[in-house]
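# Tertiary structure, described
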Amino acid sequence: AHSRPWWERGVVYQIYPRSFQDSDGDGVGDLAGIAARLDHVAALGVDAIWLSPIFPSPMADFGYDVADYCGIDPLFGDLAAFDRLLAAVHARGLKLLLDFVPNHSSDRHSWFVESRSSRSNPKRDWYIWRDPASDGGPPNNWISDFGGSAWEWDDATGQYYLHAFLKEQPDLNWRNPDLKQAMLDAMRFWFDRGVDGFRIDVLWHIVKAEGLPDNPLNPDWTPARTERDRVIQLHSTDQPEAHAIAAEMRAIADCYGARVLIGEIFLPNDRHARWYGTPERPQVHLPFNFQLIENAWDASVLRSMIAAYEASLPPFGWPNWVIGSHDAPRIAARIGEAQARVAAMLILTLRGTPTLYQGDELGIGRVEIPPDRVRDPQHLRQPLLDIGRDRSRTPMPWDDSDHGGFSTVEPWLPLNPDWRTRNVAAEVADPRSMLALYRALLALRRAEPALAVGSFTLLDAPAGVLAYRREEGGRSLSILLNLTDHDVTIDWTGTPLLSTLSGEPEPGMLRANEGIVFA
Ligand code: TEU
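The structure displayed is predicted, hence computed values, not measured ones.

## Points about the overall build of the protein
Within the protein, the secondary structure is distributed over 16 helices and 18 strands. Taking 2.2 N^0.38 as the reference for a compact globule, 519 residues should give roughly 24 Å; the C-alpha atoms of the protein span a radius of gyration of 23 Å, in line with that estimate. Expressed along its principal axes, the backbone C-alpha trace of the protein runs to roughly 75 × 50 × 45 Å. Buried positions account for 49% of the 519 residues belonging to the protein. Considering only contacts within the protein whose residues lie at least 6 apart along the sequence, 64% involve residues at least 24 apart.

The structure is reproduced here in structure tokens:
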């Protein structure tokens, strides 16, 4: 078991750099701030940090609009600050993953400035330009993930360009060999600097079907759903050529040894599993699995989801689980704090690499952002849908000093309203806190190889309870999770190692909201 790669045994912790720690008093987090807070990450007990984008950016989508793939935005620091952070992370035996954004650049990237300057510019073909349809409208019916047509008219050269996200995020043309080499060189740039891998943004989007045919309409669409869902993204995503590029990225990563690629991919199981590639021609190590976020918090729903996901994996494919991100509502906001404790036990005892999101270890719940402080471009474009991403991007509360110790000035987004009591210092001091539970779970996972790498078997259980067994080297652990807020009678045996509740577990039952790991 010990010869397994670090990313199979390890736990990933996502840091949203704008909101972790401000070191220079501008209300926005930065790299020196992250370096100053590594004690928290190390004490938590995770193995790797993934940083959301830190590259030069006009911040139309807070860094997911990259203006230079090989630099650091001055808001966050510079390359020297990055090298210091990387060294500090490595000195603690942790890994550092960056966020690679290959589908689109910023419209201020010099490549796009050149591309839009004339139809004959050598970089014209680095982006996706098309003539209008015969009625003068967009070339096809594709819809931006953030609403509206995915095509933006450019008066200067009389063509439309494609953008799957904001118009400030023009899609790159990976069918152009020079663009492809330039992007793969950017990956090598960071590997050469020593980063341990990448989370790859919207990887399944990067190549579009030849001829850009209309997408089929989605028969299930209702106005309560996002505009993007009006069509099925059949021709704009998940193309065979994108898989081939993922394999090329993997070949580069493998040249460096022990580096990991995590692909952001939203697809049904069968198509999702293809992103592992084959043993001979592997693609990403971990295609991100968001199903804990996407499914109802219900024992029978989760049981079938977990079984179907496990069954869909290729024999060499290592599973993974995500419970929160800078895009998703906070887990404690969605299911309540008591169940968020059960969720913590679930994600840290399922088979597969867990990715945790900063602040969830404190149990931060729903944060209302006053309308005049909304910053998320997706929310600003679709304010009527309950999709505001700012609510999961609020600054880390470190202690009860001004601005939670995050900054010396008013932060770019407000803190969680209960920050004076829900902060790292307060939770370190409270053995019943969410943070204490996360630390205990991560320590248990480190002490028990069965939890990190053991086999996984679903067990039968009464309604409302999710139960499974993990086994490794003769050691067998059972996990029983009560996903309801009432007591459930269940005949458990064994030695309780850890409960989500304080006090002794009671024989013959699981208390309301109780999860227990048994030996
Ligand atoms: O997100 C991709 C993605 O699928 C989003 O559209 C997601 O569904 C939405 O934000 C949920 O509300 C990635 C990044 O994680 C996101 O922050 C970026 O805005 C997006 O790509 C574009 O780069």
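## Focus: the environment of Gly77
Of note, Gly77 is situated in the loop between β2 (48–51) and α4 (79–91). According to the C-beta neighbour criterion, Gly77 is buried, with 23 such atoms within 10 Å. The residues touching Gly77, leaving out its near neighbours within four places in the chain, are Asp30, Leu31, Ala32, Ile72 and Phe82.

## Quick notes on the sheet that holds strand β13 (residues 465–472)
Each strand in a sheet pairs with its neighbour through backbone hydrogen bonds, running either in the same direction (parallel) or in the opposite one (antiparallel). An order of β12-β13-β14-β18-β16 is seen for the five strands of this open sheet, with the pairing classed as antiparallel. Single-partner strands in this sheet number two, and they are β12 (455–459) and β16 (496–499). Strand-to-strand twist across the sheet, computed as the mean angle between neighbouring axes with direction ignored, equals 20°. The sheet contact formed by β13 and strand β14 (residues 475–482) spans eight bridges and is antiparallel. Residue pairing in the sheet places Arg470 in a bridge with Leu477 of β14.

## Considering the nonpolar core
If you look at the biggest cluster of nonpolar residues, it comprises 131 residues, and the most contacted ones within it are Tyr13, Ile49, Leu97, Ala344, Met345, Ile347 and Leu481. Ignoring sequence-local partners within four residues, the contact set of Leu481 consists of Val342, Met345, Leu346, Val465, Leu466 and Gly515.

## Describing unusual backbone geometry
Non-glycine residue Leu212 carries a positive phi angle of around 45°. Notably, His403 is not glycine yet its phi reads approximately 55°, a positive angle. A tally of 18 C-beta atoms within 10 Å means that His403 is categorised as partly exposed.

## A look at the domain arrangement of the protein
Along its sequence, the protein is carved into domain 1 (6–105 + 177–442), domain 2 (110–162) and domain 3 (455–518). Distance from the C-alpha centre of domain 1 to the C-alpha centre of domain 3: 29 Å. Taken together, the contact between domain 1 and domain 3 spans 20 residues of the former and 16 residues of the latter. For the side of domain 1 that touches domain 3, the secondary-structure elements that each account for two or more residues are α10 (299–312), α12 (337–347) and α15 (434–447). By residue class, the composition of the side of domain 1 that touches domain 3 is 12 nonpolar, two polar and six charged.

Cut-offs applied
- Residues numbered from 1 in each chain as written.
- Predicted model: local features only at pLDDT ≥ 70, side-chain atom pairs only at ≥ 80, totals over all residues.
- Helix = DSSP H or I, 4+ residues; strand = E, 2+ residues; numbered from the N terminus.
- Rg over C-alpha atoms; globule rule 2.2 N^0.38 Å.
- Buried ≥ 20, exposed ≤ 12 C-beta atoms within 10 Å, placed from the backbone.
- Contact = placed C-beta atoms within 7 Å.
- Pairing = 2+ DSSP bridges.
- Axes fitted to C-alpha atoms, helices over the stretch in contact; angles between N-to-C directions.
- Core = buried A, V, L, I, M, F, W, Y, C linked by C-beta atoms within 7 Å.
- Domains from an automatic or database assignment.
- Nonpolar A, V, L, I, M, F, W, Y, C, P; charged D, E, K, R; others polar.

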